[in-house]
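A closer look at the structure
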Amino acid sequence: MRLVYVSVPLPSGRLDTDYKPREVVRGGRPPYHIEIEGTPPPGLRFGNDGLLSGRPTRVGHYSFALRATDSASPPMEQEQHYVLRILPASDAAPAAPAPTAATAPAAPPKPAPSTALKGISLQDADGTADVQSDVPVSYLLTAKDLDDLVPPTEEEKPKATSTAVAPSPPLPALAALRADLDEDTGVITTPPLIAPDKPTPAQLRAILTPLVGVEYPTRAMFIGAVEAERCRYYLRRVAEVAAARQLTAPTVCPKPAALRPPQEAPAPPKRNERRPDQTAVPLEVFFDSLLAEDNLRDAVAAAQKLHPVGQSRPLRLSAEGCQCAPGHKNNEVVGVIPFWRAGEAPLPINFNLFTRLQYMGVVLKDDGGYDLPADWNGALSGFSREAQRFDVAMDLVVYRRSWAALLNQPDAVQATMIDNAAKTAVRMVTQERDDVQSWMNRLLLKPGDDSNSRVFGGLTVFFDDTPTEGRDRERYTRFLQRYVDRILSLMQDDGRSFRLNLVVPDQQLGELPPYSYEWLMGLKLRAERKDRHQQRDTLPGSREPDYSGSGDVTVQFLVMMSGDPDSQKKNIRRSIDLTRQVQGVRRIDFLDSLLPVVVHATSAEAAPGNVTASLARDFPYIEWNYGGVTLWPLPLADVGLGNEVITPLTQYFLDKPSSREKACAWICPNRLPLRLLAQTLLIGCVIAALVYGLNCRVRRVGLIYLVVLGLVALLAAALCLMLLTCDPALSWLRDSPYVPVVTLVLAVGVCAYLFLQFRAPEL
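Residues numbered from 1 in each chain as written. Predicted model: local features only at pLDDT ≥ 70, side-chain atom pairs only at ≥ 80, totals over all residues. Heavy atoms only, no water.

Some remarks on the sheet that holds strand 10 (residues 137-140)
Strand order across the open sheet formed by three strands is 12-10-14, with antiparallel pairing between neighbours. The open sheet has two free edges, formed respectively by strand 12 (215-216) and strand 14 (304-306), since each of these has just one partner strand. Sheet strands in contact with helix 6 (residues 293-303) are strand 10 and strand 14, and its direction is about 25 degrees off that of strand 14. (Pairing = 2+ DSSP bridges. Helix = DSSP H or I, 4+ residues; strand = E, 2+ residues; numbered from the N terminus. Contact = heavy atoms within 4.5 Å. Axes fitted to C-alpha atoms, helices over the stretch in contact; angles between N-to-C directions.)

Written as structure tokens, this is what we have:
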């Protein structure tokens, strides 16, 4: 069960005008029991079917809290605060008197209805135009932004707190925080209590400082991070006060004010009863005061950073030394490279850390075209060639964040737009490079995976600020499913190997569209082939995944975690364990397809902290429960706190390099020229052996010819052994138990045949 109109306001109404029924409660088991705390608009009623309807009888702004309980056992309960505006009745021109039957003129032809816009709704009039709707956005709070929001003061300096010794009996719980407690003397002053409604500058700086230098890809992730820091500060502060007063401090933060039941007025004290402390602030009030609504709004506005595509630079990558990706414990490690990270100097990347890189990317337009950053396909910089040299694939990210115009297109226009957008996206992904490495790929007789000389190996769909309520959510769900299904169909028709990634907000991942478990798992079942998955022994009655993909497409979901990663990664797993939309083996495969997105500090001005210890808690859980991890953006050594991210990433996601992998650190990046050399030597050996066996003149050369041929054959065999050990494209040979034995037998047989059968007779 959930409440509707959480992220958007309830539509306004008009006096003495029927209010269009609005679905306020959805899901669960109706009928619902509705309780209202506050003053709803007179004339409107909330039915047990979850609908709000009626005819307003009074103008004004009405604020109230709604608590809904369904009929399930045990019942589910949700609560939300609403503000509903009732406007005066609209002025209408008086109707003209109807003519009598005798004098009624002939009715003129009814004009065709006009399609021109002549007015806008109340909600549209209250909204704000997005003049930068086609520009990608991230949220990065800099030190200057923080100073502009909250100028530094002396109050932010840490104060010494006394160390309390816990008494032997159990401590009573801390129920309120003294607003005027002197931590140094413990003396409580007597001024009357004024409950705070906003944080002090020192408190606000303490909450926002840990966010400085951390880039968040979505607004929801940034707001979730602010809320998580408010909770941390709250727990730290009440723990200090509880220790000073020898009380037990709470270990969890209160619910947001809109989700808490209304507080009843305290009853007057009885005779000889101790009056409540009039200088104590309830903990819920203190928690609410740490982050006012305007504080959050100003922080979001300050952190918002626009990244026009027209100001982008070509992306260039460089490897840190000689390296090749080692084993990753059967999971994915994905790094995101936003196009605005490109600069004058190449990005020094340790390719050992990653299995895939995401290049963000291109921006979807209303007509189905794309805004492309400079050198988006690496034709000049060759970033894709550099990544693939180290066995690291690259995916192209498709981005969009404005939906009003697109979702309101006529159905036929939108269908054409989706078809054009999907075809263009797949065409960009299938574009092949035109460089020396691609030319060498075409010369290989058995190219294996390296025959794919495309710029990108897959596509990532990243749609931000998506509608979550009402009809717009339904329209977006339909658009998303049609767009993704069309891309999947084109990839399967192509027949080559693809990776299709879908960015999913954690707040929308659940049992309801657009990102329902059922649809996401269904997409995976339609995309992937059955032979790509190991057959598992299932219990009777369990649902075996019936993969029906006709092409080589792998589907994965990048989950944007908003809030505290330590709790969110567990909440996502818990919700998947409880849902009935994916069960049994399907649940295992679904979890293997999830890659939580973890953000980290990217700026040198970020506050130093115990990032390594925090990630050391997150990475093992993610590695054990999910299919891998996604890092936004990819960490770079000596940039921001990149080294603190790389250390636990190497520890928990990478296997320790063996002697073979150390040797492969040079062989793997240079595998293409080595394969061409080995191929040439092998062909030369075969031709030379045939010439020796069929030509008497060559046989008369005798031992010298055979020695040279043997040395060349040994060199070719050594190259083949090196490539078989290190080349990822030859893993199908390396993993086969029969190929090495057959190769050795053939080699011994050929050598014996050459020395015994084709020796020239002595003269």
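Notes on the side chain of E229
Mapped onto the elements, E229 comes out in helix 4 (residues 219-244). Looking at E229, the relative accessible area reads 14%, which means it is buried. Setting aside chain neighbours within four positions, we find E229 in contact with I207, P210 and L211. (Buried < 20%, exposed > 50% of the residue type's maximum accessible area, 1.4 Å probe, protein only.)

Quick look at the nonpolar core
With 128 residues, the main nonpolar core has F222, L357, F463, Y483 and L502 as its most contacted residues. The element best represented in this core is helix 11 (residues 470-494), accounting for nine residues. F222 has contacts with Y139, L141, L211, Y216, A299, V300 and A303, leaving out every residue within four places of it along the chain. (Core = buried A, V, L, I, M, F, W, Y, C linked by side-chain atoms within 4.5 Å.)

Some words on helix 4
Taking 1.5 Å of rise per residue, 26 residues should cover 38 Å, and helix 4 covers 38 Å from first to last C-alpha, within 8% of that figure. Remark: Q246 follows helix 4 within two positions and exhibits a positive phi of approximately 55 degrees. (Expected span 1.5 Å × (residues − 1).)

Things to note about the state of the cysteines
Applying the stated rule across the entire model yields one disulfide. The side chain of C231 participates in a disulfide bridge whose partner is C253; the two sulfur atoms lie 1.9 Å from each other. Across the disulfide from C231 to C253, rotation about the S-S bond amounts to roughly 105 degrees, and the bridge is consequently right-handed. Of this pair, C231 sits in helix 4 while C253 sits in the loop between helix 4 and strand 13 (280-282), and the two are 22 residues apart along the sequence. Cysteine C720 shares no disulfide, and the gap to the nearest cysteine sulfur, in C685, comes to 9.3 Å. (Disulfide = S-S within 2.5 Å.)

Structural notes on the packing of aromatic side chains
Tallying each qualifying case throughout the model produces 24 aromatic pairs. Here Y139 and F222 contribute two aromatic rings whose centre-to-centre distance is 6.2 Å and whose plane-to-plane angle is 25 degrees, an arrangement assigned as stacked. Residue Y139 is located in strand 10, and its partner F222 is located in helix 4; the two are separated by 83 residues in the primary sequence. The buried category is assigned to F222, whose relative accessible area is 0%. Measuring from centroid to centroid gives 6.4 Å for Y476 and Y515, while their planes differ by 55 degrees, and the two rings are tilted. Taken together, the residues span a long stretch of sequence, with Y476 in helix 11 and Y515 in strand 24 (residues 515-516) at a distance of 39 residues. Note on accessibility: Y476 and Y515 belong to one class, buried. Directly above the ring of Y19 sits R22, whose terminal nitrogen or CZ lies 5.8 Å from the centroid. Seen from the ring of F498, R454 lies directly overhead, with NZ or CZ sitting 4.6 Å from the centre. (Phe/Tyr/Trp six-rings, centres within 6.5 Å; stacked < 30°, edge-to-face > 60°. Lys NZ or Arg CZ within 6 Å of the ring centre and 35° of its normal.)

Quick notes on the pairing of strand 9 (residues 77-87)
With two bridges joining them, strand 2 (residues 13-14) and strand 9 adopt parallel strand pairing. Bridged to G13 within strand 9 is I86.

What about unusual backbone geometry?
In this structure, the amide linkage connecting P30 to the following residue, P31, adopts the cis form with an omega of 0 degrees. Looking at the element boundaries, P31 is found in the loop between strand 4 (25-26) and strand 5 (33-38). With an omega of -5 degrees, the peptide bond between M360 and G361 qualifies as cis. Secondary-structure assignment places G361 in strand 18 (residues 356-364).

Describing a nonpolar patch on the surface
A cluster of nonpolar side chains, L703, V707, L711 and L714, forms an exposed patch at the surface whose accessible area comes to about 420 Å². Structurally, L714 is set in helix 20 (residues 703-726). (Patch = residues over 30% accessible without salt bridge, like charges linked within 9 Å, V, L, I, M, F, W, Y side chains within 5 Å. Areas by Shrake-Rupley, 256 points an atom, 1.4 Å probe, with all protein chains shown as cover. Salt bridge = Lys/Arg side-chain N within 4 Å of Asp/Glu carboxyl O.)

Focus on helix 20
When the terminal C-alpha atoms of helix 20 are compared, their 34 Å separation across 24 residues agrees well with the 34 Å that a helix rising 1.5 Å per residue should span. Those residues of helix 20 lying buried are L706, L709, A716, L719, L723 and C726.

Looking at the sheet that holds strand 2
In spatial order, the strands read 2-9-8-5; together these four strands make up an open sheet with mixed pairing. Either end of the sheet is taken by a strand with one partner, and the two such strands are strand 2 and strand 5. The pairing of strand 8 (residues 60-69) with strand 9 spans 10 bridges and is antiparallel. Across the sheet, residue L66 finds its bridge partner in strand 9, namely Q80.

Some points on the pattern of salt bridges
Tallied over the entire structure, the rule returns 30 salt bridges. Between E227 and R230 there is a salt bridge, with the nearest N and O atoms lying 2.8 Å from each other. In this pair, E227 and R230 both sit in helix 4, three residues apart, roughly one turn of the helix. Under the relative-accessibility criterion, E227 is labelled partly exposed at 28%. Using a relative accessible area of 7% as the deciding quantity, one classes R230 as buried. Overlapping salt bridges bring together E35, R67, E77 and E79 as one network.

So, the pairing of strand 18
Among the nine residues that make up strand 18, nine are buried, leaving the element largely enclosed by the rest of the structure. Here five bridges tie strand 16 (residues 332-338) to strand 18, and the two strands are oriented parallel to one another. What sits directly across from I337, in strand 18, is Y359. Inspection of the sheet shows strand 18 paired to strand 20 (residues 393-400) by seven bridges, in the parallel sense. What sits directly across from Q358, in strand 20, is D395. Across two bridges, strand 18 lies against strand 19 (residues 370-371) in antiparallel orientation. Residue pairing across strands places L364 opposite Y370, the latter belonging to strand 19. What sits between strand 18 and strand 19 in their antiparallel hairpin is a turn of five residues, with G368 showing a positive phi close to 95 degrees.

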